[in-house]
Amino acid sequence: MARFLNNDRQIPKSEQTMSNLLTILGSGSARPTRDRQPSAQLLELDDKQFLIDCGEGTQIALAQMGLRTPRLDHIFISHLHGDHCFGLMGLISTWGMLGRTKSLTLHAPSILESLMRPLLDFFCQGLPFEVVFQPHNTNRHEIIYEDRTLRVSTLPLKHKVPCCGFLFEEKEREPHIRKELIEQYQIPLADIPHIKAGGDFITADGRHIPYAELTFPAQAPLRYAYCSDTAYTERLLPWIDGVDWLYHEATFAAEDEHRCKDTAHSTTLQAATIAQKAHVRNLIIGHFSARKVSVEAMLQEARSIFRSTIAAHDKMQIELN
């Protein structure tokens, strides 16, 4: 069960550093409205921070929520429609004024660098940190970021411009050794890596203690899939099969399905169908149309197919598990 945090207060520092926390900074589409800003999410996994898309107003949402981003070194941009990237220049400029020195990597379609370099040169002269452009191919499913504890892969989508989502996956962790047995069997510290790797232990008097008795499994690795603007496509299914959390756009209600063909977007029912066919644990729908819509009615539409669905709203925080 997801835990939703109180969005009507400043976030204490202790909660800002929680592991596996998703913050919805913007849940609307196309343009800002009174209630929703364009797409942006802050994902915190394994004590790292990642920004996914950066629509207009992203830095304002961060400031309003009192969120600090000292561990945010990578931004992932799904595609180059303005409602997913217009916030980049303002955020980078502000970080420059605040004296950021760590480099920032932008994972995005290759054309972004040619578009942004002149703006950075004009508006951000003397920027105290390096902006690194890391292009990816939106048509391929491939790993574009990897470290010791997690990896990020692209998810090719079906939109009017080159576009991809992102799959964030924690790596398998070593099992935990039962601390009480270390003392009981006088296990040397040097033997613990061998045991965690699957080895048994032989005591000083020759007793054989099996690996399964000495350890217990680590928490299962988390998988989060972000699917931004896309028409319905079952090409996604093998890549997102069984993910713990799926964010899938649901720009339109079912009655507006006819609009999907021209806009290359999805309906509530289509997002829920993808979640059902991919056997995901939880679905988050968002990217709601700027036209006046009943999000509650859209949520009920999605739940008619996939019960474990929630509707995103700005400043929502979800503790992923």
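Small disclaimer: the values here were computed from a predicted structure and weren't measured. (Residues numbered from 1 in each chain as written. Predicted model: local features only at pLDDT ≥ 70, side-chain atom pairs only at ≥ 80, totals over all residues. Heavy atoms only, no water.)

1. Quick look at the overall build of the chain
The condition is simple: Strands are runs of DSSP state E lasting at least two residues, helices are runs of H or I lasting at least four, and both sets are numbered from the N terminus onward. Note on definitions: a residue-residue contact is assigned when non-hydrogen atoms from the two residues lie within 4.5 Å. Calculation of accessible area relied on Shrake-Rupley with a 1.4 Å probe; when residues are assessed, cover is drawn exclusively from the protein chains displayed.
Helix and strand counts for the chain come out as eleven helices and 19 strands. For the chain, the spread of C-alpha atoms along the principal axes amounts to about 75 × 55 × 40 Å. Residue pairs in contact within the chain that sit at least 24 positions apart in sequence constitute 64% of those at least 6 positions apart. Carbon and sulfur atoms form 52% of the exposed surface of the chain, whose accessible area is close to 15200 Å².

2. Some details on helix α11 (residues 295-303)
Which entries qualify depends on this criterion: Between buried and exposed lies partly exposed: a residue is buried under 20% and exposed over 50% of the maximum accessible area for its type, with that area taken using a 1.4 Å probe on protein chains only. This arc is taken over the directions from the axis of the helix to the C-beta atoms.
Of the residues making up α11, those classed as buried are Val295, Met298, Leu299 and Ala302. Buried positions in α11, seen along its axis, are confined to an arc of 100 degrees and lie on one side of it. Each element contacted by the buried residues of α11 is listed here: α10 (268-277), β17 (282-286) and β18 (309-311).

3. A look at the packing of aromatic side chains
Rule in force here: Stacked, edge-to-face and tilted are the three classes for Phe, Tyr and Trp ring pairs, Trp counted by its six-membered ring, which pair at centre distances within 6.5 Å; planes under 30 degrees apart are stacked, over 60 edge-to-face, the rest tilted. Here, over-ring charges are defined by two tests on the NZ atom of lysine or the CZ atom of arginine: distance to the ring centre within 6 Å, and angle to the ring normal within 35 degrees.
Scanning the model with the defined rule gives eight aromatic pairs in all. Here Phe168 and Tyr224 contribute two aromatic rings whose centre-to-centre distance is 6.4 Å and whose plane-to-plane angle is 35 degrees, an arrangement assigned as tilted. Linking Phe168 in strand β10 (residues 164-170) with Tyr224 in strand β15 (residues 223-227), this pair joins segments that are 56 residues apart in sequence. Summarising the burial analysis for this pair, Phe168 and Tyr224 share the class buried. Each member of the aromatic cluster is reached from another via a ring pair, and the members are Phe50, Phe76, Tyr145, Phe166, Phe168 and Tyr224. For Arg100, the ring lying beneath its charged end belongs to Trp95, and the centroid distance is 4.7 Å. Cation over ring: Arg100 sits above Phe129, and NZ or CZ is 5.4 Å from the ring centre.

4. Quick notes on the nonpolar core
The nonpolar side chains of a soluble globular protein tend to be buried, and buried together. Under the convention used in this document: What we call a nonpolar core is a set of buried Ala, Val, Leu, Ile, Met, Phe, Trp, Tyr and Cys residues that are connected through their side-chain atoms within 4.5 Å.
Of all hydrophobic cores here, the largest spans 29 residues; its most connected members are Leu155, Ile240, Leu246 and Ile285. When contributions to this core are tallied by element, the ones reaching two or more residues are β15, α8 (237-240), α10, β17 and α11. Core analysis: the next-biggest nonpolar cluster, separate from the first, contains 28 residues, Cys54, Leu67, Leu91 and Ala108 among them.

5. Brief notes about the pattern of salt bridges
When their charged atoms lie close together, side chains carrying opposite charge are able to pair. Our working definition: What counts as a salt bridge is simple: a side-chain nitrogen of Lys or Arg found within 4 Å of a carboxyl oxygen of Asp or Glu.
Taken as a whole and assessed by the stated rule, the structure comprises 17 salt bridges. Measuring nitrogen to oxygen at the nearest pair gives 3.6 Å for the salt bridge that ties Glu44 to Arg71. You can see Glu44 sitting in strand β3 (residues 40-45) and its partner Arg71 sitting in the loop between α2 (58-64) and β5 (72-76), a full 27 residues away along the chain. Across the pair, Arg71 and Glu44 agree in class, each one buried.

6. Quick look at the environment of Gly55
You can see Gly55 is positioned in the loop between β4 (48-54) and α2. Of the residues examined, Gly55 reaches a relative accessible area of 0% and is grouped as buried. Measuring from C-alpha to C-alpha, the distance between Gly55 and Pro38 comes to 5.0 Å, with 17 residues separating the pair along the chain. Contact partners of Gly55, with chain neighbours within four places excluded, come to Pro38, Ser39, Ala40, Asp83, His84, Cys85, Phe86 and Gly87.

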